[in-house]
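Here's the letter readout for the chains.
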Amino acid sequence: MSDDPRIQLAHDVLGAVQTVGDPRLPPRVIRVTDVDGRQFFAKQHDERDRYARELRAYRSWGAHLDGHAPQLVGRRDATRTLLLTALLGERADTMAPGSPEEELAHHEAGRVLGKLHRATSMPRGGAIGAVLAERLQGWIERAVHAGLITATERNRLSHHADILDTSRMDSAICHLDYQPRNWLIGDTFGICDFEHMRRDARIRDFARLEFRRWQAAPHLRTAFLAGYGRPMNGTEQRLLESFGAIEATTALVKGHTENDLALSTHGRTVLSRLT
């Protein structure tokens, strides 16, 4: 019997299991099969708050994504470990850029996210904006301390923090890492990785797509919003730019602390586009 808490959990819930090598998975996740050939993922969290957030996501909000999200079949709080059914399919980030398959993936991503947002939406309020402004200001200070931004860039980012602080915005349960690497294309469209999921500004769920995909391929934005069933109005488009300030600052700081040149370059690119 392995001393790996993920295998222990899978064994206790499923009986005899076999691990399946999958180099695409992050180190915290393994794929296993039971004696009937059914596939599952076992995931162990390093941080207790992320474990609690992902557990709550599957228990409280997974029903709104029925058929599009893994099912929780086991957990062990002491080791922060989850056992989930495996959705079969190819990751959407393997689709050829510019292909019809890529465009269809964005359309389906919009459709499924729209289901989650409509089921959990709340009308415009100011509390979310104030929290996001405070969070952005904290990232700005970290970037200043590390010498990553100029005084002019600091002022530009702080301007967006002020915008967020005074903005009223719709909220919904958001995935907050909604991008093709977390989409699965198979017999149905699937979503994975719920460790960031919480109530947040609804439009913020578009931010990573906007600044990592859509600006270079606007037809994907069109396909996504067609599936989502609701276009962005002018106010929401301006709000999305302020969410870009969060995208830029977090990428700069995390890229610096994790020595990730690609992430740092992404943060610098987004920052240069902000007005």
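Okay, so let's go over this structure. (Residues numbered from 1 in each chain as written. Predicted model: local features only at pLDDT ≥ 70, side-chain atom pairs only at ≥ 80, totals over all residues. Heavy atoms only, no water.)

1. Concerning the environment of Ile149
Line of reasoning, step 1. Among the structural elements, Ile149 can be located in the loop between helix H4 (127-145) and helix H5 (151-165).
Line of reasoning, step 2. Sequence separation of Ile149 and Ala63 is 86 residues, and the distance between their C-alpha atoms is 43 Å.
Line of reasoning, step 3. Beyond its immediate stretch of four places on either side in the chain, Ile149 contacts Ile140, Ala143, Val144, Arg154, Leu157, Leu252 and Leu271. (Helix = DSSP H or I, 4+ residues; strand = E, 2+ residues; numbered from the N terminus. Contact = heavy atoms within 4.5 Å.)

2. Re the sheet that holds strand E5 (residues 81-85)
Line of reasoning, step 1. On the basis of which strands lie adjacent, the open sheet formed by 5 strands has the order E1-E2-E3-E5-E4 and antiparallel pairing. In this open sheet, the two edge strands, each paired with only one partner strand, are strand E1 (17-20) and strand E4 (72-76). Along the sheet, successive strands turn relative to each other by an average axial angle of 25°, direction set aside.
Line of reasoning, step 2. The pairing of strand E3 (residues 39-44) with E5 spans 5 bridges and is antiparallel. Bridge pairing links Lys43 to Leu82 in E5. (Pairing = 2+ DSSP bridges. Axes fitted to C-alpha atoms, helices over the stretch in contact; angles between N-to-C directions.)

3. Let's talk about the packing of aromatic side chains
Aromatic ring pairs are reported here in terms of the distance separating the ring centres and the angle at which the planes meet.
Line of reasoning, step 1. Counted by the stated rule, this structure contains 9 aromatic pairs.
Line of reasoning, step 2. Here the aromatic rings of Trp183 and Phe189 are separated by 5.9 Å at their centres, their planes lie at 55°, and the arrangement is tilted.
Line of reasoning, step 3. Exposure remark for Trp183: the relative accessible area of 0% places this residue in the buried category.
Line of reasoning, step 4. Look at Phe189 and you get buried, because its relative accessible area is 4%.
Line of reasoning, step 5. Here Phe206 and Phe224 contribute two aromatic rings whose centre-to-centre distance is 5.5 Å and whose plane-to-plane angle is 80°, an arrangement assigned as edge-to-face. Of this pair, Phe206 sits in the loop between strand E11 (198-201) and helix H6 (207-214) while Phe224 sits in helix H7 (residues 218-228), and the two are 18 residues apart along the sequence. (Phe/Tyr/Trp six-rings, centres within 6.5 Å; stacked < 30°, edge-to-face > 60°. Buried < 20%, exposed > 50% of the residue type's maximum accessible area, 1.4 Å probe, protein only.)

4. A closer look at the packing of H6 against H7
Line of reasoning, step 1. The interhelical angle for the contact between H6 and H7, taken along N-to-C directions, is 150°, at an axis separation of 9 Å. Classified by the interaxial angle, the pair formed by H6 and H7 is roughly antiparallel. Relative to H7, H6 is oriented so that their crossing is right-handed. Every residue of H7 that contacts H6 at Leu209, Glu210 and Trp214 is listed here: Pro218, Leu220, Arg221 and Phe224.
Line of reasoning, step 2. Residues of the contact of H6 with H7, tallied by class, amount to 5 nonpolar, no polar and 2 charged. (Parallel < 35°, antiparallel > 145°, perpendicular 65-115°, else oblique. Left-handed = near helix turned anticlockwise from the far one by under 90°. Nonpolar A, V, L, I, M, F, W, Y, C, P; charged D, E, K, R; others polar.)

5. As for the nonpolar core
Line of reasoning, step 1. Membership of the largest hydrophobic core comes to 56 residues, with the highest contact counts inside it found for Leu164, Tyr178, Phe206, Phe224 and Phe243.
Line of reasoning, step 2. Examining the composition of this core, we find that 8 residues originate from one element, helix H8 (residues 234-257), more than from any other.
Line of reasoning, step 3. By size, the runner-up hydrophobic cluster in this structure holds 9 residues, among which are Leu14, Ile30, Phe40 and Leu83. (Core = buried A, V, L, I, M, F, W, Y, C linked by side-chain atoms within 4.5 Å.)

6. Some points on the pattern of salt bridges
Line of reasoning, step 1. The full count for this structure, using the stated rule, is 30 salt bridges.
Line of reasoning, step 2. A salt bridge links Asp170 to Arg202; its shortest N-O distance comes to 3.6 Å. Separated by 32 residues along the polypeptide, Asp170 in strand E8 (residues 169-174) and Arg202 in the loop between E11 and H6 bring together distant segments of the chain.
Line of reasoning, step 3. The salt bridge partner of Arg198 is Asp200, with a shortest N-O separation of 3.6 Å.
Line of reasoning, step 4. Taking relative accessible area as the criterion, Arg198 reaches 23% and is therefore assigned partly exposed.
Line of reasoning, step 5. A single salt-bridge network, built from bridges that share partners, covers Arg28, Lys43, Glu47, Arg50, Glu54, Asp193 and Glu195. (Salt bridge = Lys/Arg side-chain N within 4 Å of Asp/Glu carboxyl O.)

7. Topic: the sheet that holds strand E10 (residues 189-191)
Pairing between sheet strands relies on hydrogen bonds along the backbone, with the strands arranged either parallel or antiparallel.
Line of reasoning, step 1. Reading across from one edge, E6-E9-E10 is the order of the 3 strands in this open sheet, with antiparallel pairing throughout. Either end of the sheet is taken by a strand with one partner, and the two such strands are strand E6 (90-91) and E10.
Line of reasoning, step 2. Two elements, E6 and strand E9 (residues 183-185), share 2 bridges in a ladder whose sense is antiparallel. Bridge pairing in E9 links Glu90 to Ile185.
Line of reasoning, step 3. Of the strands in this sheet, E9 and E10 are in contact with helix H3 (residues 100-120), which crosses E10 at around 65°.

All quantities given are derived from atomic positions and should not be read as evidence of function.
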